[in-house]
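Given next are the chains, with one letter for each unit.
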Amino acid sequence: MGPDTSLARCLLSGQPRFGVRIFLTDRSIGVRMTSTADPDGQSLLGHVLLPVANEEDALATARALEPYDPERVTALHVVEKGEGVPDKTPVEQSEELAEESYAAVRRVFPDAGDHTAYARDIAGAIFDAVDEVGASAIGYRSRGGNRLFRFLSGDVSLELVTESHVPVVALPRGGAAD
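Quick summary incoming for the structure in this document. Remember, it's a predicted structure, so these values are computed and weren't measured experimentally.

## Here we look at the overall build of the chain
Turning to step 1, where the next piece is worked out: For the chain, the count of helices and strands is six helices and seven strands.
Turning to step 2, where the next piece is worked out: Counting across all 178 residues of the chain, residues that qualify as buried make up 38%.
Turning to step 3, where the next piece is worked out: If you take every contact in the chain between residues at least 6 apart in sequence, the share linking residues at least 24 apart comes to 68%.
Turning to step 4, where the next piece is worked out: For the chain, the computed accessible surface area is about 10800 Å², with 53% contributed by carbon and sulfur atoms.

This is the structure:
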């Protein structure tokens with residue numbers, strides 16, 4: 001089932017997971033999406049989990065998220081573990097890459113938290129991290145690549161938007177950081 005069918009099923013079930021709050025200030029009208037499953041009414045961008053691959057990607061992804069002014073950000077780096085096969089890179093090197101990525105995110109969001117996961121299944125690790133850090137959404141910037149590459153490597157973007165139990169905010173790829 002695609003995301004459109006999942007959304008329709010959620011709405012038809014009478015139990016939508018998100019609501020909309022409209023608020024007025026002295027200068028503007030705002031709309032804030034909130035989770036109806038969260039008793040605190042946390043906003044959609046209340047706590048964004050930001051998966052990052054390396055320093056360059058982390059900076060570009062953080063800059064893409066910045067205009068949306070999230071309340072809280074946690075950067076996530078997934079160290080791909082082989083589970084019975086050799087690791088792609090030594091763990092120490094991967095952990096150093098994670099620290100460089102977190103530093104890049106903190107150049108945009110100085111108070112950003114960080115979370116490192118160790119797994120072979122990248123999307124599964126992202127979903128687990130959502131629960132571990134209490135994120136309200138996943139902020140994701142596609143890494144690109146042609147269709148053949150995505151098919152052979154597994155399309156994490158597709159899995160994120162079709163299988164996630166929290167909203168996935170697709171961030172634009174354009175910008176000065178690219």
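## Describing the nonpolar core
Turning to step 1, where the next piece is worked out: Counting 22 residues, the largest nonpolar core has Leu50, Ala62, Leu65, Val73, Val105, Phe109 and Leu171 as its most contacted members.
Turning to step 2, where the next piece is worked out: Residue assignment for this core shows that the elements contributing at least two residues are strand S3 (48-51), helix H2 (55-65), strand S4 (73-80) and helix H3 (91-108).
Turning to step 3, where the next piece is worked out: Once residues lying within four places of it in the same chain are set aside, the contact partners of valine 73 are His47, Val48, Leu50, Leu65, Val105, Phe109, Ala112 and Gly113.
Turning to step 4, where the next piece is worked out: Core analysis: the next-biggest nonpolar cluster, separate from the first, contains 17 residues, Leu76, Phe127, Ala129 and Leu160 among them.

## Remarks on the side chain of histidine 47
Turning to step 1, where the next piece is worked out: The residue histidine 47 is located in the loop between strand S2 (29-35) and S3 in this model.
Turning to step 2, where the next piece is worked out: Looking at histidine 47, the relative accessible area reads 1%, which means it is buried.
Turning to step 3, where the next piece is worked out: A distance of 2.7 Å separates the side chain of histidine 47 from the side chain of threonine 74, its partner in a polar contact.

## As for the environment of proline 51
Turning to step 1, where the next piece is worked out: By the element assignment, proline 51 lies in strand S3.
Turning to step 2, where the next piece is worked out: On the accessibility criterion, proline 51 (4% relative accessible area) is buried.
Turning to step 3, where the next piece is worked out: Proline 51 sits 65 residues away from threonine 116 along the chain, and the two C-alpha atoms are 9.8 Å apart.
Turning to step 4, where the next piece is worked out: If near-sequence neighbours (up to four positions away) are discounted, proline 51 is found in contact with Asp57, Thr61, Leu76, Ile126, Ile138, Gly139, Tyr140 and Arg143.

## So, the packing of H2 against H3
Turning to step 1, where the next piece is worked out: Where H2 meets H3, the axes come as close as 8 Å, and the angle between the chain directions of the two elements is 25°. When the interaxial angle is binned, H2 and H3 end up roughly parallel. In the crossing of H2 with H3, the sense of the turn from one axis to the other is right-handed. Facing Glu55, Ala58, Leu59, Ala62 and Arg63 of H2, the residues of H3 in contact are Glu100, Ser101, Ala104, Val105, Arg107 and Val108.
Turning to step 2, where the next piece is worked out: Considered class by class, the residues forming the contact of H2 with H3 number six nonpolar, one polar and four charged.

## Here we look at a negative patch on the surface
Turning to step 1, where the next piece is worked out: A cluster of acidic side chains, namely Asp121, Asp128, Asp131, Glu132, Glu159 and Glu163, defines a negative patch on the protein surface.
Turning to step 2, where the next piece is worked out: Only helix H4 (122-133) and helix H6 (156-163) provide two or more residues apiece to the negative patch.
Turning to step 3, where the next piece is worked out: Considering each element in turn, the negative patch owes the most residues, three residues, to H4.
Turning to step 4, where the next piece is worked out: Take glutamate 163: it is sitting in helix H6.

## Considerations on the environment of glutamate 55
Turning to step 1, where the next piece is worked out: Here glutamate 55 lies in helix H2.
Turning to step 2, where the next piece is worked out: Each C-alpha atom, one on glutamate 55 and one on glutamate 99, is 8.6 Å from the other, the two residues being 44 residues apart in sequence.

## Comments concerning the sheet that holds strand S7 (residues 168-170)
Turning to step 1, where the next piece is worked out: Strand order in the open sheet formed by five strands is S5-S4-S3-S6-S7, with parallel pairing between adjacent strands. The open sheet is flanked by strand S5 (113-119) and S7, the only strands paired with a single partner. Looking at each pair of strands side by side, their axes are set apart by 30° on average, direction ignored.
Turning to step 2, where the next piece is worked out: Two elements, S4 and S5, share seven bridges in a ladder whose sense is parallel. Note that in S5 the partner of valine 78 across the bridge is alanine 117.
Turning to step 3, where the next piece is worked out: Packing of H3 onto the sheet brings it into contact with S3, S4 and S5, and relative to S4 it is tilted by some 160°.
Turning to step 4, where the next piece is worked out: On top of the sheet, H4 reaches S3, S4, S5 and strand S6 (137-140); it is set at about 145° to S4, its chief contact.

Cut-offs applied
- Residues numbered from 1 in each chain as written.
- Predicted model: local features only at pLDDT ≥ 70, side-chain atom pairs only at ≥ 80, totals over all residues.
- Heavy atoms only, no water.
- Helix = DSSP H or I, 4+ residues; strand = E, 2+ residues; numbered from the N terminus.
- Buried < 20%, exposed > 50% of the residue type's maximum accessible area, 1.4 Å probe, protein only.
- Contact = heavy atoms within 4.5 Å.
- Areas by Shrake-Rupley, 256 points an atom, 1.4 Å probe, with all protein chains shown as cover.
- Core = buried A, V, L, I, M, F, W, Y, C linked by side-chain atoms within 4.5 Å.
- Polar contact = N/O pair within 3.5 Å; in protein donor to acceptor, adjacent residues only side chain to side chain.
- Axes fitted to C-alpha atoms, helices over the stretch in contact; angles between N-to-C directions.
- Parallel < 35°, antiparallel > 145°, perpendicular 65-115°, else oblique.
- Left-handed = near helix turned anticlockwise from the far one by under 90°.
- Nonpolar A, V, L, I, M, F, W, Y, C, P; charged D, E, K, R; others polar.
- Patch = residues over 30% accessible without salt bridge, like charges linked within 9 Å, V, L, I, M, F, W, Y side chains within 5 Å.
- Salt bridge = Lys/Arg side-chain N within 4 Å of Asp/Glu carboxyl O.
- Lys, Arg positive; Asp, Glu negative; His and termini not counted.
- Charge placed at Lys NZ, Arg CZ, Asp CG, Glu CD.
- Pairing = 2+ DSSP bridges.

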